[in-house]
Amino acid sequence: MIATALAVSFVFVAIALAITFWRLLRGPDAPDRILALDTLYINAAAIAVLAGIALDTPLYFEAALAIALMGFVGTVALAKFLLRGDVVD
Amino acid sequence: MIVEAAVSFFLVVGSFFLLVGAVGLARLPDFLMRLHAPTKASTLGIGGLLLASLVWFATHGLPGVKELLVTLFMFLTAPVSANLLGKAALHLRLKSRAPLPPPAPGADPDA
């Protein structure tokens, strides 16, 4: 049952990644691309969590934590750049 | 058996909500609407997956609350980044495509 659920989950998250990547390429504005990048980070963390369950190792979990952290910092930096024209002011 | 069912349920529900968030991001018509889909649905989705991971590793000899930490972190940071992106969109004056509300009944249509 776990194997089936994992396969379904991988397919769902992969489709979500593909759709989000399409939005990242299409735009049309800079905030759209930043939002798509943020969603890609969340989906990548989800893939890492799923891989951790599938391979039965807690190692991927640290990767998910790092991806989530870096994603938040990157999104805030890009949004601050759009707001102020500079990352640190 | 019950653990397997719970993990499977949380896995499918979590990944389904991630998919819902991505579809909303692709299909909604303007940015301020698109901001809703990933920040709400995807946060719920990753929360479900982390809950599945928590139950799975708790019953496989590796109990820990680190998953709850990631869930807490995601739930704290998603609104912050969404707020900053919304402010950036207002700053750039992105066009909203939401229709105007209908006129109030009895109001002068030429006013």
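Shown above is the structure to which this text applies.
Residue numbers restart at each chain and count upward from 1, following the sequence in its written direction. By the order in which they are written, chains take letters starting at A while ligands take numbers starting at 1. In keeping with the predicted nature of the model, local features appear solely for residues at pLDDT of at least 70, side-chain atom pairs appear and are counted solely at 80 or more, and the whole-chain, interface and lining totals rest on all residues. Only heavy atoms go into the side-chain values, all of them from the structure, while hydrogens and water stay out.

**A few points about the overall build of chain B**
Quick reminder of the rule: Secondary structure is summarised from DSSP: a helix means a run of H or I of at least four residues, a strand means a run of E of at least two, and numbering begins at the N terminus for each. Note on method: radius of gyration uses C-alpha positions; expected globular size equals 2.2 Å times residues raised to 0.38.
Assigned secondary structure in chain B consists of 4 helices and 0 strands. From first element to last, N terminus to C terminus, chain B shows the α and β order α-α-α-α. Taking 111 residues into account, the globule formula puts the C-alpha radius of gyration at 13 Å, and chain B, at 20 Å, lies well above it. Seen through its principal axes, chain B has C-alpha atoms that stretch 70 × 30 × 25 Å.

**A closer look at the packing of aromatic side chains**
For clarity, the cut-off: Stacked, tilted and edge-to-face pairs are distinguished by plane angle, under 30 degrees for stacked and over 60 for edge-to-face with tilted covering the rest, among Phe, Tyr and Trp rings (Trp via its six-membered ring) whose centres lie within 6.5 Å.
Applying the stated criterion to the full structure yields 4 aromatic pairs over all chains. Their ring planes at 85° and their centres at 6.2 Å tell us that Phe72 of chain A and Phe73 of chain B sit as a pair that is edge-to-face. Of this pair, Phe72 of chain A sits in helix 3 (residues 59-84) while Phe73 of chain B sits in helix 4 (residues 66-91), placing the two residues on different chains. A connected cluster of aromatic rings, assembled from ring pairs, spans Phe12 of chain A together with Phe16 and Phe17 of chain B.

**Topic: the interface of chain B and chain A**
Let me state the cut-off plainly: It only takes one pair of heavy atoms within 4.5 Å for two residues to be counted as in contact. Accessible area that two parts lose when put together, with a 1.4 Å probe and added across both, is what the buried area reports. For this document, the term salt bridge refers to a Lys or Arg side-chain nitrogen within 4 Å of an Asp or Glu carboxyl oxygen. A 3.5 Å cut-off defines polar contacts: any pair of N or O atoms within that distance qualifies, except that in protein one atom must be a possible hydrogen donor and the other a possible acceptor, and neighbouring residues in sequence count only when both atoms are side-chain atoms. When residues are sorted by character, Ala, Val, Leu, Ile, Met, Phe, Trp, Tyr, Cys and Pro go into the nonpolar class, Asp, Glu, Lys and Arg into the charged class, and all the rest, Gly among them, into the polar class.
Tallying the contact residues gives 47 residues for chain B and 47 residues for chain A. Summing both partners gives a buried area of about 4100 Å² for chain B against chain A, and 82% of it is carried by carbon and sulfur. Across the contact surface, chain B and chain A share 1 salt bridge. Two residues, Arg34 of chain B and Asp32 of chain A, come together in a salt bridge whose shortest N-O distance is 2.7 Å. Counting the contacts that link chain B with chain A gives 7 residue pairs in polar contact (both at pLDDT 80 or more). Those elements that place two or more of their residues in the side of chain B that touches chain A are helix 1 (2-27), helix 2 (31-34), helix 3 (36-58) and helix 4 of chain B. With 15 residues, helix 1 of chain B is the largest single contributor of residues to the side of chain B that touches chain A. Per-class residue counts for the side of chain B that touches chain A are 33 nonpolar, 8 polar and 6 charged.

**Side note on the packing of helix 2 (residues 30-55) of chain A against helix 3 of chain B**
Let me state the cut-off plainly: Angles run from 0 to 180 degrees between N-to-C directions of axes, and those axes are lines fitted to C-alpha atoms, restricted for helices to the stretch in contact. We call two directions roughly parallel when the angle between them is under 35 degrees, roughly antiparallel when it is over 145, roughly perpendicular when it lies between 65 and 115, and oblique otherwise. Handedness of a crossing follows from how the near helix is turned relative to the far one, being left-handed for an anticlockwise turn of less than a right angle and right-handed for a clockwise one.
At a minimum axis distance of 10 Å, the contact between helix 2 of chain A and helix 3 of chain B shows a crossing angle of 15°. Regarding the angle of helix 2 of chain A to helix 3 of chain B, the classification is roughly parallel. Viewed along their axes, helix 2 of chain A and helix 3 of chain B form a crossing whose handedness is left-handed. Residues Leu35, Thr39, Ile42, Ala45, Ala46, Val49, Leu50, Gly52 and Ile53 of chain A of helix 2 of chain A form the contact with helix 3 of chain B, whose own contacting residues are Pro38, Ser42, Ile46, Leu49, Leu50, Ala52, Ser53, Trp56 and Phe57 of chain B. Class assignment of the residues belonging to the contact of helix 2 of chain A with helix 3 of chain B gives a composition of 14 nonpolar, 4 polar and no charged.

**Remarks on helix 3 of chain B**
Since the α-helix turns once every 3.6 residues, residues separated by three or four places project in the same direction. Quick note on the threshold: To estimate how far a helix should extend, the number of its residues minus one is multiplied by 1.5 Å. With a 1.4 Å probe rolled over the protein chains alone, any residue whose accessible area is under 20% of its type maximum counts as buried; one over 50% counts as exposed, and the rest are partly exposed.
End to end, helix 3 of chain B covers 33 Å across 23 residues, agreeing with the expected 33 Å (1.5 Å per residue, within 8%). Of all 23 residues in helix 3 of chain B, 17 are buried, a share of seventy percent or more.

**Points about empty space enclosed by the protein**
Note the cut-off: Cavities and pockets are found on a 1 Å grid laid over the protein atoms alone: a cavity is a set of points where a 1.4 Å probe fits but cannot escape, a pocket is an open set with protein on both sides within 12 Å along at least five of seven lines, and a lining residue has an atom within 4 Å of such a point. Grid points are joined across faces, edges and corners, and a volume is the space filled by probe spheres set on the points.
Under the criterion given, the structure shown has 2 cavities of 30 Å³ or more. Approximately 110 Å³ is the volume found for the largest cavity. Around the largest cavity, the lining residues are Asp38, Tyr41, Ile42, Ala68, Gly71 and Phe72 of chain A together with Phe73, Met74, Thr77, Ala78 and Ser81 of chain B. Of all the secondary-structure elements, those providing two or more residues to the lining of the largest cavity are helix 2 and helix 3 of chain A together with helix 4 of chain B. For the lining of the largest cavity, the element with the highest residue contribution is helix 4 of chain B, accounting for 5 residues. Among the residues forming the lining of the largest cavity, the class breakdown is 7 nonpolar, 3 polar and 1 charged. Volume-wise, the second largest cavity comes out at about 40 Å³. Around the second largest cavity sit Asp38, Thr39 and Ile42 of chain A together with Pro38, Thr39, Thr43, Ala78 and Ser81 of chain B, which together line it. Contributing elements (two or more residues each) for the lining of the second largest cavity: helix 2 of chain A together with helix 3 and helix 4 of chain B.

**Here's the deal with helix 1 (residues 2-26) of chain A**
Taking 1.5 Å per residue as the helical rise, helix 1 of chain A with its 25 residues ought to reach 36 Å, and the 36 Å between its terminal C-alpha atoms agrees with that figure. Looking at the buried side of helix 1 of chain A, the elements it contacts are helix 2 of chain A together with helix 1, helix 2 and helix 3 of chain B. Residue Gly27 of chain A follows helix 1 of chain A closely and has a positive phi angle near 90°.

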